[in-house]
Amino acid sequence: AQSVTQLGSHVSVSEGALVLLRCNYSSSVPPYLFWYVQYPNQGLQLLLKYTTGATLVKGINGFEAEFKKSETSFHLTKPSAHMSDAAEYFCALVPRSSASKIIFGSGTRLSIRP
Amino acid sequence: EAQVTQNPRYLITVTGKKLTVTCSQNMNHEYMSWYRQDPGLGLRQIYYSMNVEVTDKGDVPEGYKVSRKEKRNFPLILESPSPNQTSLYFCASRDAGGTSGGKGWTGELFFGEGSRLTVL
């Protein structure tokens, strides 16, 4: 069965520091992969996605993620954290065999220290 | 403006009193779905619909019903709510992309702002 694991339910970094949010997936065939962000009292919005092609994908607000098949990972990074990055982040996969399903990780809450 | 609209945003009800959460999208998307968000569990899919009159169960369908009579609307119905259905609910839509994505498919889900439901 496919699954998504996000390591660390809560990550705290200083403003200006590197942000690294970890996501590992389990799937026999590399799936479509997504990162969504949820700001307080809002719905989720897409940060970035990997469907085909380049394994390093860039998203909005300076975030990027790299698909690593050998490590079954899709970690999210940002070189320099900003206070406005404080939010909850969800990694998700859609199986290539069934685009009707989507499986979310349990989420990582990112806090930014001044 | 492209959007997914859910109502109500907040609701407190009592066990057994039927309720409906409406969802409407203006992007002409074929695919719509419902999720519940619970602490530590992320989002779990309740039901989804690939197109009008086509619905299917997600991972946690028990206690819920849906209907898709029109392309833009996808209401979530709780016939007899129970306290374990207290949760934050999200509706979302996207291009269908066929059963396996397909060329040019982006897969991006567009979410409503959520409906916080409390069942006493």
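Residues numbered from 1 in each chain as written. Chains lettered and ligands numbered in written order. Predicted model: local features only at pLDDT ≥ 70, side-chain atom pairs only at ≥ 80, totals over all residues. Heavy atoms only, no water.

Enquirer: Even after reading the chapter, I still don't get unusual backbone geometry, so can you show me in this structure?
Expert: Negative phi characterises most residues that are not glycine, and trans characterises most peptide bonds. Residue and element names in this part refer to chain B. For the peptide bond that leads from Asn7 to Pro8, omega is 0°, which places it in the cis range. Considering the arrangement of structural elements, one finds Pro8 in the loop between β1 (4-7) and β2 (10-13). At Asn28, a residue that is not glycine, the phi angle is positive and equals roughly 60°. Among the structural elements, Asn28 can be located in the loop between β3 (19-25) and β4 (31-38). (Helix = DSSP H or I, 4+ residues; strand = E, 2+ residues; numbered from the N terminus.)

Enquirer: Which parts of the structure should I look at to understand the environment of B:Tyr48?
Expert: Within the secondary structure, B:Tyr48 sits in strand β5 (residues 42-51). On the accessibility criterion, B:Tyr48 (10% relative accessible area) is buried. Along the chain, B:Tyr48 and B:Tyr31 lie 17 residues apart, while their C-alpha atoms are 7.3 Å from each other. For B:Tyr48, the residues in contact, after removing those within four places along its chain, are A:Ser100, B:Tyr31, B:Met32, B:Ser33, B:Val54, B:Thr55, B:Asp56, B:Lys57 and B:Phe74. For B:Tyr48, the side chain forms a polar contact with the side chain of A:Ser100, separated by 3.4 Å. (Buried < 20%, exposed > 50% of the residue type's maximum accessible area, 1.4 Å probe, protein only. Contact = heavy atoms within 4.5 Å. Polar contact = N/O pair within 3.5 Å; in protein donor to acceptor, adjacent residues only side chain to side chain.)

Enquirer: What is the right way to read the sheet that holds strand β7 (residues 65-66) of chain B from this model?
Expert: Two modes of strand pairing occur in sheets, parallel and antiparallel, and in both the strands are linked by backbone hydrogen bonds. Residue and element names in this part refer to chain B. If you walk across this open sheet you meet the four strands as β1-β3-β8-β7, and the pairing is antiparallel. At either end of the open sheet lies a strand with only one pairing partner, and these are β1 and β7. Relative to β3, β1 runs antiparallel, the two being bridged by four bridges. Note on β3: the bridge partner recorded for Asn7 is Thr22. (Pairing = 2+ DSSP bridges.)

Enquirer: How should the side chain of A:Ser27 be read in this particular structure?
Expert: All names here are of chain A. Its place among the elements puts Ser27 in the loop between β3 (19-26) and β4 (32-38). Residue Ser27 is classed as buried on the basis of its relative accessible area, which comes to 18%. At a separation of 2.6 Å, a polar atom in the side chain of Ser27 contacts the main-chain carbonyl oxygen of Val29.

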